[in-house]
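# Inside the fold
Residue strings, one per chain:
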Amino acid sequence: MGKFSFKSLMAAFAVAVFVWCVSCCEVCNAREVTDRRSAAIDNSTRGSSLWMWRGRWRIPHFPLPPFPFYRPWPYLPPPPPRHGPPKQIPPPTPTVDPTLRPPVSVPPVAEPRPLVPSNSTTFNVLDFGAKGDGNTDDSKAFQDAWAASCNVEASTMVVPANHVFLVGPISFVGEHCQENIILQLDGTVVAPTDPQAWGGEHWLHFDKLSRFTLQGSGTVDGRGSVWWRRSQSEDLNDDLLDVDNDADDGMDFEDADTQAKEELSSMPRNKPTAMRFDHCLNVTFSGIKIQNSPNFHLTFDHCVGVLVRDMSISSPGDSPNTDGIHLGNSQDVTIHDAILACGDDCISIVSGCSDIRIHDVHCGPGHGISIGSLGKDHSKACVHNITVEDVDLQGTTNGVRIKSWQSGSVYGVKFSNIRVSEVRWPIIIDQYYCDHATCTNQSSAVAVRDVAGTYTERPVDLACSDSVPCEEITLSAIDLRPSSQKPPSHDDGPFCWQTFGQLTTPISLPIDCVQIGRRSSNGIGSGQDSC
C-alpha cells in the first residue's frame, strides 16, 4: 500500500460519500423548486423556504454554484403565497406556417329548385312557370298547377297577389280529382283581347267538381269591351242584341226584323262567359271580383249545393248581355252579400232551378232580378221555391221580374223587403204569347211584400194570359211612389191582366186591377204539379 495507510483511505472514502450526499441534496432541492414553480404550493403547509422535508429528516439547502449534473439554474426563490385555486393557463396558440396558402373557399353548388315539394299540399302557379307579368300566356302553368292539386285531397292551388296573369280559355275538370280542393285567387287574371284566341263559349270553366272552394281577394277581368264594340251596330239597341245571345239560354228574346238579324249574324257569335260551373256539387265562391265579362259573368248549370257570398261584379250598364249571376238547372243555391253592376240581369234564374235563396244583395245598374225566360217553343220549364229578400235595386230597368212563355211554370216565389230607387218597373210578371189553349205556362203562389221606393214608369205590371191566368198572387206592404223627375202621365198607374190573388194593407197606391180570389185554370194543374 506504500505511504497510504488504511486511515487515509477511510478518510478519502468519507469525503467522497459526503460530496455524493451533498450532490443528491442539491438535485432534490432543484426538483423541489421546479415543483414549486409549477404547483405554487403554499409555504404555510411546507414550512420555511430554507428547509425541505426529506422523510424523517429536515435538510437545509444553500444556493450553490451550478454543477454540471443538476438543473435548473439560476435558483429562483419560490413564488409568493396566494389563495384560491390555481390559475388556469390557456393552451398555447397554434402557429401557422406563413408559407402555407389558405384554402380557397368554394361556395356550394345550389341544387335546382323543385317545381313543387313532393309532400306539399299547396301549389303556387309561379312554381309551375307562370310569369304573372300580364303579357306572357300563363295558361299552361295554370293547367299544370291544377293537375298537381287535383291529385291531392284538401290541396290548395294559389294564384298569388301582386301579379297579373294572362290566361286563355281553360278548363278545371274535377271528374277524377280528389275532394275539398281550394283555389286561392288573390292576384289578377285577365283574358286575351283577340277574339281569335277563343275556341268556345267559356273562359274559366269549372266542371264536375265536388266540395270545391274558389276564394280570395283577386280580380277576374274579361276585358270584354273589344267584344262589345264588335257586337254592336249603330242602329241596334241592347234588346236586339239579346236575340243573338239568349236564344239558346232561354234569356230575353224579342222579335227582330230580317235586316237586324243579318247584321247580328255577321258579328261574333261565341262571346265567352267569364266563369262557368257545370255539374258541380257543393261549391263555395267567395271574395272574388269579376269585371268586364264579354258575356255572362258567373254561371252555374246543373249544380247542387252552391254558396256565393262576399263578391262583386262590375260592368258598364250599357254592356250587352252581361248578366251578373246566371242559374240554370241548379238546386240548393244561396247568394248573399253581393254587389252586382252589369248591363243585363243582375241575377237570372232559368229552368230547372229550385230551392234558391237570395238575400243582402245590391243591384245596379242592370235589369234587376229575373226569373225566366221559361218555356220557349213549348219546352217544359219549371222553377219553384225561390226566395229573394233584403235586396236593394238602384237605377235598374226592372226590380223583381217573372218571365215565361207557352210552357213555363213558376211556383212558390217570395219577394220580400225589396228597396228600389229610380227603378223603371219595380214588380213585373210577363207571360208572352200564351193566348191559346195549348199554353200551359203558369205563375202561381207568388208573394210580393214589403216593397218600397221610387219608380220612373210603372210600379206594378202583371201581364198574364187569358188561357192560363196568374193565380195566388199576394201583394202586401207595397209603398211605391213616382220619381220626382218622372213627368206626369196617365199611364203611370198599376197594370194587371188576368191576375188573381189578394191584397194586404197597407198599400200606398191603389192596385185595383188584381182580382180577389181564384179562378179555375181550365184543367191545367197547379204550378207545383206541373213542375
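Bear in mind the structure is a predicted one, so any value in this text is a computation, not a measurement. (Residues numbered from 1 in each chain as written. Predicted model: local features only at pLDDT ≥ 70, side-chain atom pairs only at ≥ 80, totals over all residues. Heavy atoms only, no water.)

## Considering the UniProt feature "active site" (unreviewed entry) in the chain
Following the UniProt record, one finds the feature "active site" (unreviewed entry) at His 367. Of note, His 367 is situated in the loop between strand E21 (353-363) and strand E22 (369-374). A distance of 3.5 Å separates a polar atom in the side chain of His 367 from the backbone oxygen of Gly 343. (UniProt positions renumbered as here; feature names shortened; annotations may be inferred. Helix = DSSP H or I, 4+ residues; strand = E, 2+ residues; numbered from the N terminus. Polar contact = N/O pair within 3.5 Å; in protein donor to acceptor, adjacent residues only side chain to side chain.)

## A closer look at the pairing of E21
Strand direction decides the pairing type here: strand E19 (residues 331-341) and E21, joined by eight bridges, are parallel. Directly across from Leu 340, in E21, lies its bridge partner Cys 363. (Pairing = 2+ DSSP bridges.)

## Points about empty space enclosed by the protein
Tallied over the entire structure, the rule returns seven cavities of 30 Å³ or more. In this structure, the largest cavity occupies an estimated 70 Å³ of space. Going through the elements one at a time, strand E5 (156-159), strand E8 (182-185) and strand E10 (202-207) are the ones with two or more residues in the lining of the largest cavity. (1 Å grid on protein atoms, 1.4 Å probe; cavity = no way out; pocket = protein on both sides within 12 Å on 5 of 7 lines; lining within 4 Å. Points joined across faces, edges and corners; volume = space filled by probe spheres on them.)

## Some thoughts on unusual backbone geometry
With an omega dihedral of -5 degrees, the bond running from Gly 364 to Pro 365 counts as a cis peptide bond. Mapping Pro 365 onto the fold places it in the loop between E21 and E22. The step from Gly 372 to Ser 373 runs through a cis peptide bond, and the omega angle for that step is 15 degrees. Along the polypeptide, Ser 373 turns up in strand E22. In this structure, Asp 310 is a non-glycine residue whose phi angle is positive, near 50 degrees.

## A word on the state of the cysteines
In the structure shown here, the tally under the stated rule is four disulfides. The partner cysteine of Cys 150 in its disulfide is Cys 177, sulfur to sulfur 1.7 Å. One quick way to see it: the torsion about the S-S bond of Cys 150 and Cys 177 is about -115 degrees, and its sign makes the bridge left-handed. You can see Cys 150 sitting in helix H2 (residues 139-150) and its partner Cys 177 sitting in the loop between strand E7 (170-173) and E8, a full 27 residues away along the chain. Relative accessible area serves as the criterion here: at 15%, Cys 177 is assigned to the buried category. The disulfide that involves Cys 464 links it to Cys 470, with 1.8 Å between the sulfurs. Its S-S torsion of approximately -100 degrees makes the covalent link between Cys 464 and Cys 470 left-handed. By relative accessible area, Cys 464 is classed as buried at 6%. Looking at Cys 303, it has no disulfide partner, and the nearest cysteine sulfur is the one in Cys 280, 4.5 Å off. Residue Cys 303 is classed as buried on the basis of its relative accessible area of 0%. (Disulfide = S-S within 2.5 Å. Buried < 20%, exposed > 50% of the residue type's maximum accessible area, 1.4 Å probe, protein only.)

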